[in-house]
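# Architecture at a glance
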Amino acid sequence: MSNRKQRREIDKAVQHLMQFPEQHAQWAHLFEEFLSQMFAPLANRYEISVDDVTDQIMQGYYDSMAFGYLFEEFATAAWDGDEKSMLEEYLQQRGWREGAHGRRYLRALSTADVKLWEVVAVKPGVAVDIRLYDTHDKPTRVME
């Protein structure tokens, strides 16, 4: 399978995962609660509402990056002592409809840690070399 087809499978799986809360009220409610918890310290610090913080962050230059980070954190977190995260529930209920590369990506996402990486080299349209920030480790190549 070509890299382009693999990418399409992954993109489709992520899109389906992002639609999952819209179809399940308990997850939609928990996502709103999650955003409130994440933005409450900023709202308190600047004496504005959580909705104002959300609007400012989600309408800025980095809105898609911020949303992606927040949604991934939410999707992989277990809530209120639940054994399963939303992502795990999605895979159990709907994962069968995803392609192999999409399922593999979502499973990897469920166990991934958030880390800060630096870009060392870029080959436009091909790959990017990255390494953990503030280390001298050998760079890792990530294909486009």
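Structural data are supplied above this passage.
Quantities reported herein were computed from a predicted structural model and do not represent experimental measurements.

The rules behind each value
Residues numbered from 1 in each chain as written. Predicted model: local features only at pLDDT ≥ 70, side-chain atom pairs only at ≥ 80, totals over all residues. Heavy atoms only, no water. Salt bridge = Lys/Arg side-chain N within 4 Å of Asp/Glu carboxyl O. Helix = DSSP H or I, 4+ residues; strand = E, 2+ residues; numbered from the N terminus. Buried < 20%, exposed > 50% of the residue type's maximum accessible area, 1.4 Å probe, protein only. Phe/Tyr/Trp six-rings, centres within 6.5 Å; stacked < 30°, edge-to-face > 60°. Lys NZ or Arg CZ within 6 Å of the ring centre and 35° of its normal.

## Quick look at the pattern of salt bridges
Considering all chains together, one arrives at 4 salt bridges under this definition. For the salt bridge of Glu 118 with Arg 131, the shortest nitrogen-to-oxygen distance reads 3.2 Å. Taken together, the residues Glu 118 in strand S1 (residues 117-123) and Arg 131 in strand S2 (residues 127-132) connect sequence positions 13 residues apart. By relative accessible area, which is 21% here, Arg 131 ends up partly exposed. Across the pair Asp 129 and Arg 141 runs a salt bridge, and its minimum N-O distance is 2.8 Å.

## Some remarks on the packing of aromatic side chains
Applying the stated criterion across every chain yields a total of 9 aromatic pairs. Ring geometry for Phe 34 and Phe 74: centres 5.8 Å apart, planes at 50 degrees, overall tilted. Of this pair, Phe 34 sits in helix H2 (residues 25-46) while Phe 74 sits in helix H4 (residues 63-76); the two residues are 40 residues apart in sequence, bridging distant segments of the chain. Judged by relative accessible area, Phe 34 falls into the buried class, the value being 8%. Taking NZ or CZ as reference, Arg 45 lies 5.5 Å from the ring centre of Tyr 46, over its face.

## Details of unusual backbone geometry
Backbone geometry at Glu 47 places phi at a positive 55 degrees, although glycine is not the residue there. Along the chain, Glu 47 falls in the loop between H2 and helix H3 (50-58). With a phi close to 65 degrees, Asp 134 is a non-glycine residue in the positive phi region. Tracing the chain through its elements places Asp 134 in the loop between S2 and strand S3 (140-143).

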